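# Structure at a glance
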Amino acid sequence: MTKSGMRQGRDVRSIAAIFLRGRMATLVLFAWACGMGPVMATTQTLATGWRFRLVPGSAAVQAHPEAAAWRSAHVPGSVQTDLLAAGATGDPFARVNEARLQWIGLADWQYQLPLTVDAATLQHGHVDLVFDGLDTFADVSLNGRQLLSADNMFRRWRLPVKDVLHAGSNTLQVTLHSPITRLQPWLLTQPYALPGEFDSAFGDEPKGRQTANYVRKANYQYGWDWGPRYVTEGIWQPVHLESWDDLRLVDFHIAQQRVDADAAQLLAQFDIRADHAGKAQLQLTWCAPDGSRRSAMLETSLEAGDNHLDLPVRIEHPQRWWPVGYGAPNLYRFHADVVVAGKVVASSERDTGLRSVELRRQRDRWGRSFAFVVNGVPIFAKGANLIPLDSFPERVTDARMQQILQSARDANMNMLRVWGGGYYQSDAFYAMADQLGLMIWQDFMFGGAVPPYDDAFRENTRIEATEQVMRLRDHPSIVLWCGNNEMQTGWESWPDRKKFAQAIGPAERARVEHGMRTLFGETLRDVVQRYAPDVPYWASSPSTDFDGPANVSDDGDMHVWDVWAGSAPIEDYLKTTPRFQSEYGLQSFPALATIRTFATPADLSPDSPVMRAHQKFDGGNGNQRLLFYIRQSYGEPKDFASFIYLSQVMQAEGIELAADHLRSARPQSMGSLYWQLNDVWPGASWSGIDYFGRWKALQFHARRFYAPLRVAPIRREGRTGVFVVSDRTVPLDPQLRTRVMDMDGRLLRERLDKVHVPALSSTRAAELTDVALLQGADPRRSFAVFELVEQGRSVSRHLLYFDLALTLQLPDPGVHAELHDSAHGIVLSVSAEHLAREVWVDFGSLDAQVSDNAFDLLPGERVELQVTGAADIASLRDALHVRSLFDATVRQRAPTTPEAARP
């Protein structure tokens, strides 16, 4: 047992309580006193009865008098979604409504709740008002007495209110201040504004004078190059009234000191606040994944005040948690009781997985490694970057989270990076990741804007980080805490940052740099090492953890944006082999069914005002960048539907090339996280899954290029290296089947070779020239098929073409599709007479999903796809549309620059 009055205990007091809501945990509080039995304390959820309005007398009342009257409000929620629910605004995602609704985030608002409290509640020794989250500048008053001025969206606020409440009716009021309106007048008086991210397109902030840097609020809500600007205000997390006596279990945590195959050495850690000194007993029981149960107990003495207590636990031969593909994501359930005078006075539960995590950085012939090692096994990280699931967080349901996470796992991903420009996800999100075996790279919430260096800002952030790390540290899925997104690389290399650094002079520049190094190199690192020492910390992404320059290929992680942002050819992905590629991406549009939710038929052209409003890259000009890449590789889209289809094909095939390259370079490269998995709204973006959960072509391709066993032919300048990539933990000896065919199906040559593939490896199985493969065949009419065969079954197939699709002489594939009922549901049979590239099956707006899509069909090949959803077979037949690359383009010469792509 240890009892600490050192800094850890002081921090637990200072943060005003730790997030415990959800987290696969339950907390039960009891009242206890000398000679009395336990009486369960009360928690009153304050979710109903709220109302809201504009702050009386504010300037916004004159412009919007209709919003001055009280309306019903939702908590959790925001002003924007409350106005939408009241019918006072239109759909914020429809057409160009974004511009019309900016006034909401520039106004100040009041929320009010008539709060009825009974006498029994007030008989408790303590009554606390708890806000799990306020967005963001919020003044809280109760019965006219000011209690709090909140200034951080990511913190929890616990307020003792027993002396302010009275039996009967009370009035709780929250006044929310626009962060822009509050900060902009101050910022305009400052000698400079720190470099931010994206200037407002709506004139509410001067160019280069962004307020987002100066407030702890989700950065993406100020607008990003994939999402709208909705600067929300609201009570965005639950509110409750907690009543308790004498003792409160502030936190319960299972610290993992050492975990290996032989034993798990743990500490069950209790943080208890007690009004009085006295004896207590800590009881711990746990249930293993196989159902076996064990227990441990400790007698101790509590002091008046804050107590930190450790109960050592050793589990022999633990059933460890593994990432998906490497073993079962085993979870233990730990139950803790605090017992006083023979009575249970507080209880808590945790689900957690036992595992070891290492970020391995070793010197080697390529520089310095960057590899995640779980339970001693090096894991090639396969996945994507996750952004928030909605512009309005309160609209995200558990079902929606589950669908996105399950989609990631279904696409053979094992890691998601929770990007730093959004918000820390809910407890349910991480619990789902635990259960699915998905590793989480967790950024702290800094999206790239340069932060202030003052002590108050840093301390506010430290408390936020402490709360969040303590809330989330029992989730085995979290394998990395990262300080920020792109802070270091931006400061070192982005033109606006370099210009700013020059303008402010050497002394002020040194203070700004010292502030960033202190916050991300010391403050946040100290929080992680103190409260979650079993998880690595990384200062910034991309970076070398302040060991040198950021965004280099031979050390640390790297963001690769020469392709797309720099207009480099997609083939340039092959020119760089980072140790871990944590961002790279290509844009596409979502399906037409998604586009039609925000656009009318008159809007369906790349340069319409509505389509530009839903394209946030380069101020709406991103559709020209899309056309540049489409035309460069495929040709001219024949119509808008073809533009949508080709944008997805280009994105999928481009990201596939990069991912195959990275996986083939193992162990030089040990990670591929493309940008991005999901969307916050319907529009053009880098996502593989659109706002409504529809898979784009990229997501179907990802399921193939992230498969545990993959054949990956990489063609460079007329030579093809054929790699067999294996995530399996045992060696295998498959056969590599190589065929060269013409597009009508004539087999030109074929060979079968044995390949030995070691565990966890990439093996170069062949090196072939175009001359050797083609042997005189027409490269525009021929293609190669590489297939991995194991025990007579094809486990991976990859078609290789000898030039850009633009130059190929693709025949009419003669695709046939037929729906029929089977014993297992509705089946779609698809076949092709000749080669069919990128076959896409679409049922329009019907609720229907196919088991595969965006695939190639060999001449004469037939596939059967399972069709799931609510639509009946007759409706499916009416809506069915199948297309391929053959009928998508009007061929023309590929443009050489983005400017040449402009019509």
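Residues numbered from 1 in each chain as written. Predicted model: local features only at pLDDT ≥ 70, side-chain atom pairs only at ≥ 80, totals over all residues. Heavy atoms only, no water.

Pairing in this open sheet of four strands is antiparallel, and the strands run 3-14-7-10 from one edge to the other. Looking at which strands have only one partner, the edges of the open sheet turn out to be strand 3 (42-45) and strand 10 (157-160). The mean angle between the axes of side-by-side strands here comes to 20°, regardless of whether they run parallel or antiparallel. As paired strands, strand 3 and strand 14 (residues 239-244) are joined by four bridges and run antiparallel to one another. Bridge pairing in strand 14 places Thr-45 opposite His-240. (Pairing = 2+ DSSP bridges. Helix = DSSP H or I, 4+ residues; strand = E, 2+ residues; numbered from the N terminus. Axes fitted to C-alpha atoms, helices over the stretch in contact; angles between N-to-C directions.)

Once that is clear, we can look at the nonpolar core. If you look at the biggest cluster of nonpolar residues, it comprises 184 residues, and the most contacted ones within it are Trp-50 and Phe-131. Aside from chain neighbours lying at most four places away, what touches Trp-50 is Arg-71, Ser-72, Ala-73, Val-75, Tyr-111, Gln-112, Leu-113, Leu-172, Val-174, Ile-235 and Val-239. Ala-268, Leu-311, Ala-346 and Leu-354 belong to the second-largest nonpolar core, a separate cluster that totals 30 residues. (Core = buried A, V, L, I, M, F, W, Y, C linked by side-chain atoms within 4.5 Å. Buried < 20%, exposed > 50% of the residue type's maximum accessible area, 1.4 Å probe, protein only. Contact = heavy atoms within 4.5 Å.)

In this section: the environment of His-166. Among the secondary structure elements, His-166 is positioned in the loop between strand 10 and strand 11 (168-177). Given the relative accessible area of 39%, His-166 is considered partly exposed. Sequence-distant contacts of His-166, defined by excluding residues within four places in its chain, comprise Val-117, Leu-122 and Asn-143.

Let us now look at helix 14 (residues 622-633). Relative to the 16 Å expected for twelve residues at 1.5 Å per residue, helix 14 spans 17 Å between its end C-alpha atoms, a close match to the ideal helical length. Among all positions of helix 14, only Gly-622, Asn-623, Gln-624, Arg-625, Leu-626, Leu-627, Phe-628, Tyr-629, Ile-630, Arg-631, Gln-632 and Ser-633 are buried. Looking at the buried side of helix 14, the elements it contacts are helix 13 (609-613), strand 34 (636-637) and helix 15 (640-664). In the segment just after helix 14, Gly-635 is the residue with positive phi, at about 115°. (Expected span 1.5 Å × (residues − 1).)

Before going further, it helps to examine helix 15. The terminal C-alpha atoms of helix 15 lie 36 Å apart, and with 25 residues this matches the ideal 36 Å at 1.5 Å per residue to within 8%. Counting buried positions along helix 15 yields 23 of 25 residues, so the element is predominantly enclosed. By the N-cap criterion, in which a side-chain oxygen at the helix start approaches the backbone nitrogen of a residue two or three places on, helix 15 is capped by Asp-639, the distance to Ala-641 being 3.4 Å. (Polar contact = N/O pair within 3.5 Å; in protein donor to acceptor, adjacent residues only side chain to side chain.)

A few words on the sheet that holds strand 36 (residues 709-716). Taking strand neighbours across the sheet as the criterion, the three strands line up as 36-37-40 in an open arrangement whose pairing is antiparallel. Sheet topology places strand 36 and strand 40 (761-769) at the edges, where each strand pairs with a single neighbour. Between one strand and the next, the sheet's axes are offset by a mean angle of 20°, whatever the strand orientation. Both strand 37 (residues 719-726) and strand 40 contribute to a ladder of eight bridges, which runs antiparallel. Across the sheet, residue Val-725 finds its bridge partner in strand 40, namely Ser-762. Where helix 15 meets the sheet, it contacts strand 36, strand 37 and strand 40, and its direction lies at approximately 105° from that of strand 36.

The next thing to look at is the packing of aromatic side chains. The description of an aromatic ring pair uses the distance of the two centres, along with the angle that the planes make with each other. One pass over the full model with this rule turns up 51 aromatic pairs. Measuring from ring centre to ring centre gives 5.3 Å for Tyr-230 and Phe-392, while their planes differ by 45°; the resulting arrangement is tilted. Residue Tyr-230 is located in the loop between strand 13 (227-229) and strand 14, and its partner Phe-392 is located in the loop between strand 27 (381-386) and helix 7 (398-410); the two are separated by 162 residues in the primary sequence. Exposure remark for Phe-392: the relative accessible area of 0% places this residue in the buried category. With a centroid separation of 5.9 Å and 45° between ring planes, the pair formed by Phe-640 and Phe-643 is classed as tilted. Placement of the pair is Phe-640 and Phe-643 together in helix 15, with a separation of three residues, close to one helical turn. Look at Phe-643 and you get buried, because its relative accessible area is 2%. The residue whose ring lies beneath Arg-837 is Tyr-801, and the NZ or CZ to ring-centre distance is 4.0 Å. (Phe/Tyr/Trp six-rings, centres within 6.5 Å; stacked < 30°, edge-to-face > 60°. Lys NZ or Arg CZ within 6 Å of the ring centre and 35° of its normal.)

Keep in mind these values describe shape, not function.
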